[in-house]
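Geometric and topological summary
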Amino acid sequence: MDLQKLVRQNIWNLKPYSSARDEFKGEASVYLDANENPYNNDVNRYPDPLQWEVKEKISQIKGVAIKKIMLGNGSDEPIDLVFRVFCEPGIDNVVAIDPTYGMYQVSADINNVEYRKVLLNSDFDFNSDNLLQKTDKNTKAIFLCSPNNPTGNSLNRNEIVKTIENFAGIVVVDEAYIDFSSQKSFLNELDKYPNLIVLQTFSKAWAGAGIRLGMAFASEEIIRLFNKVKYPYNVNKLTQNYALNLLNNYQEVRDKVATILEERAKLQQELSNLSCVEKAYPTDSNFLLIKVGDADNMYQQLVNKGIIVRNRNKISLCMNCLRITVGTPEENKELITELANL
Ligand SMILES: *Cc1c(COP(=O)(O)O)cnc(C)c1O
C-alpha cells in the first residue's frame, strides 16, 4: 500500500496548526503563552491536544501503542476524518455493507463522496468478493461494522480478513460493540495490516455516550494524518478527566457489561417466546433486532406505553424489524410485560 497515493494531496502537504501547547511541552511555573485567563478554575487552561494521559491508560488496557491511537469527539470524528483525509470530493468513492450504521453515508454525503452499498446476505453476513467487485480505482475506503448495527451480528472474520488483504485502500472496521461480542477484536492485527483502521467508542460498553469520546486505532502514519487534520483541541478537558475516571474503574465497566450480557440472553429467550415476535435475530451486541408482524404499529403501541425502541422498518433487509437495546433488568421486564399484553 502506498499511503501517499491514497491521501488527498492537500492533506499530505498540509502544515497543521501549531498551538502554544505544541510549541512548548514540559513543565514550567509560569504560563503566559496561550492568552488564557490565569485564575485557576480547572478549565481555564487549554486541554492536552493529544490527550496523552487518557491514551496512556487506553494503551495499557487495549495493548496498542499510544502513537497508534487517535481520540475524537465520538466515533463520528474519525469517521469524518476518513473522508477528509482520503477522499477527494466529487471524485473518490467508498464502499460499505448495507444495512449498517447510518453515519458513514451521512459523512460521505457531507463530504460529497460517492457511497456505494453492497447488500448483506439474508443471514446479515457478507461476501468479500461481492464487496471488492464494487470497488474501482477511485475507491479509497471500505466500511465494515462488526458487530453490525442494526443487525447485531458479527461479520464473518475470514471475509473481513480477505477484504483487508485484497483491497489496496483503507478498510475501516467499526467495533463499537466489540465489548459485547464473542469474537476477537481486530486490534491485534494492526501491525499486520497498514491499511486497517479500527474504531471503538466510549458510548456503549463504557457508559460514556455523554462525554463524546471515540477511539481510532491504526498505523502511526495514519494516526499522524488524523492528528494533523483534527481540530487542535478536539477533546475537551472535562471529557478527558471523565474518561480517566472511567478507565481507572475498568472493573466496574466490565461488571456492567457482564450484567448486560446476562440480561441479553434472558431478553432473547423471552422475546422468542412471545407470539407477537416472529423472530429474535442472534446478537453479538447490546441490542436485539426482532421481526414482527407490523413494526410501525408495534412501535407506536410501545410509544403509547412510554417505551421507546428503534423502528428499523424502512431499512434494507429489516422490513418489520425493531431494534431493542438491552436495558436494566427492570426496564427489560417492563418491555416484555407490555409486549405480552399487546
Ligand atoms: C453507537 C455507534 C457508534 C458510536 O458513535 P459515537 O460517535 O462514538 O457515539 C459508532 N459506530 C456504531 C456502529 C455505532 O452503533
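Along each chain, residues carry numbers from 1 onward, in the same order as the chain's sequence is written. Reporting of local features is limited, given that this is a predicted model, to residues whose pLDDT is at least 70; pairs of side-chain atoms are given and counted only at 80 or more, and all residues count toward the totals for whole chains, interfaces and linings. The side-chain quantities take in all heavy atoms of the structure and omit both hydrogens and water.

**What about the packing of helix H4 (residues 52-62) against helix H10 (residues 237-248)?**
To be explicit about the condition: A fitted line through C-alpha atoms represents every axis, and for helices the fit uses only the stretch in contact; the resulting angles, taken between N-to-C directions, go from 0 to 180 degrees. Going along the chain from the N terminus, every DSSP run of H or I of four or more residues is numbered as a helix, and every run of E of two or more is numbered as a strand. Angle categories are assigned with fixed cut-offs, so that under 35 degrees is roughly parallel, over 145 is roughly antiparallel, 65 to 115 is roughly perpendicular, and the rest are oblique. Two helices crossing with the near one rotated counterclockwise from the far one by less than a right angle form a left-handed crossing, whereas a clockwise rotation gives a right-handed crossing. By the convention used here, residues are in contact when the closest approach between their heavy atoms is within 4.5 Å. For this classification, Asp, Glu, Lys and Arg are treated as charged, while Ala, Val, Leu, Ile, Met, Phe, Trp, Tyr, Cys and Pro are nonpolar and the rest, including Gly, are polar.
Where H4 contacts H10, the axes come no closer than 9 Å and their chain directions differ by 25°. With respect to H10, the axis of H4 lies roughly parallel. The crossing of H4 and H10 is left-handed. Residues Glu53, Val54, Lys57, Ile58 and Ile61 of H4 form the contact with H10, whose participating residues are Gln240, Ala243, Leu244, Leu247 and Asn248. Broken down by class, the residue content of the contact of H4 with H10 amounts to six nonpolar, two polar and two charged.

**Some words on the site of the ligand**
What counts, and what does not: Near is defined per residue: the residue qualifies when any heavy atom it owns lies within 4 Å of the molecule or strand. Whenever a nitrogen or oxygen atom comes within 3.5 Å of another N or O atom, the pair is scored as a polar contact, on the condition that within protein one atom can donate a hydrogen and the other can accept it, and that pairs from neighbouring residues in sequence are kept only if both atoms are in side chains. Method for areas: the Shrake-Rupley scheme with a 1.4 Å probe, in which residue coverage is limited to the protein chains shown.
Within the structure, the ligand sits among 13 residues, and Tyr177, Thr201, Ser203, Lys204 and Arg212 are positioned closest to it. Separating a nitrogen atom of the ligand from a side-chain N or O atom of Asp174 is a distance of 2.7 Å. Here an oxygen atom of the ligand and a side-chain polar atom of Thr201 are 2.6 Å apart. Calculation on the ligand without its partners gives an accessible area of 390 Å², and the protein chains cover 94% of this total. Its residues placed into classes, the shell around the ligand shows four nonpolar, five polar and four charged.

**Considering the nonpolar core**
Generally speaking, nonpolar side chains in soluble globular proteins are found buried as a group. Put simply, the test is: Only buried residues count toward a nonpolar core, which is a set of Ala, Val, Leu, Ile, Met, Phe, Trp, Tyr and Cys residues joined through side-chain atoms within 4.5 Å. Throughout, exposure labels follow a simple rule: accessible area from a 1.4 Å probe, protein chains only, divided by the maximum for the residue type, with under 20% read as buried, over 50% as exposed, and the rest as partly exposed.
Within the largest apolar cluster, 43 residues are counted, with the highest numbers of intra-cluster contacts made by Ile58, Leu144, Phe202 and Phe217. Looking at this core, the element that brings in the most residues is H10, giving four residues. Filtering out sequence-adjacent residues up to four positions away, Leu144 remains in contact with Ile97, Tyr104, Phe126, Leu131, Leu155, Ile160, Thr163, Val171, Val172, Val173 and Asp174. Within the second largest apolar cluster, 32 residues are counted, among which are Val85, Ala141, Leu225 and Phe226.

**So, the side chain of Glu36**
Relative to the helices and strands, Glu36 resides in the loop between helix H3 (20-23) and H4. Only 2.6 Å separates the side chain of Glu36 from the side chain of Arg45, close enough to count as a polar contact. Ignoring sequence-local partners within four residues, the contact set of Glu36 consists of Arg21, Asn44, Arg45 and Tyr46.

**With respect to the environment of Ser219**
Take Ser219: it is sitting in the loop between strand S7 (214-217) and helix H9 (220-229). Judged by relative accessible area, which is 13%, Ser219 ranks as buried. Placed 152 residues apart in sequence, Ser219 and Lys67 show a C-alpha to C-alpha distance of 8.1 Å. Not counting the four nearest positions on each side in its chain, Ser219 is found in contact with Lys68 and Pro194. A polar atom in the side chain of Ser219 sits 3.1 Å from the backbone nitrogen of Ile222.

**Observations regarding the pattern of salt bridges**
Here is the rule we go by: What makes a salt bridge here is a side-chain nitrogen of Lys or Arg within 4 Å of a carboxyl oxygen of Asp or Glu, nothing more.
One pass over the full model with this rule turns up 13 salt bridges. A salt bridge links Arg8 to Glu88, with the shortest nitrogen-to-oxygen separation between them at 3.3 Å. One end of the pair, Arg8, is in the loop between helix H1 (3-6) and helix H2 (9-12); the other, Glu88, is in the loop between helix H5 (76-86) and strand S2 (93-98), with 80 residues separating them in the sequence. Taking relative accessible area as the criterion, Arg8 reaches 16% and is therefore assigned buried. Glu36 is the salt-bridge partner of Arg45, the closest N and O atoms lying 2.6 Å from each other. We classify Arg45 as partly exposed; its relative accessible area is 25%. If you follow the salt bridges from partner to partner, you end up with Arg21, Asp33, Glu36 and Arg45 in one network.

**With respect to H4**
Where we set the bar: Here the arc refers to the directions that run from the helix axis out to each C-beta atom.
Every buried residue of H4 is listed here: Val54, Lys55, Ile58, Ser59 and Lys62. Across the axial projection of H4, the buried residues extend over an arc of 135°, all falling on one side. Within H4, the exposed residues directed more than 90 degrees away from the buried face are Glu53 and Gln60. Elements that come into contact with the buried residues of H4 comprise strand S1 (69-72), strand S6 (196-201), S7, H9 and H10.

**Concerning the pairing of strand S11 (residues 321-325)**
Our working definition: Between any two strands, pairing holds if DSSP finds at least two bridges.
The buried count for S11 comes to four of five residues, which makes it a mostly enclosed element. Pairing of strand S10 (residues 310-311) with S11 involves two bridges; the strand directions are antiparallel. Each bridged residue has a counterpart across the sheet, and for Arg310 the counterpart in S11 is Arg323.

**Observations regarding the environment of Glu331**
You can see Glu331 is positioned in helix H13 (residues 329-341). With 24 residues separating them along the chain, Glu331 and Ile307 place their C-alpha atoms 8.9 Å apart.

**Section: the sheet that holds S2**
A sheet is described by the order of its strands in space; here seven strands give the open sequence S1-S7-S6-S5-S4-S2-S3, paired in mixed fashion. Each end of this open sheet is capped by a strand with a single partner; those strands are S1 and strand S3 (114-119). Sheet twist, expressed as the average angle between the axes of neighbouring strands with direction ignored, equals 20°. Pairing analysis gives four bridges linking S1 to S7, with the strands arranged antiparallel.

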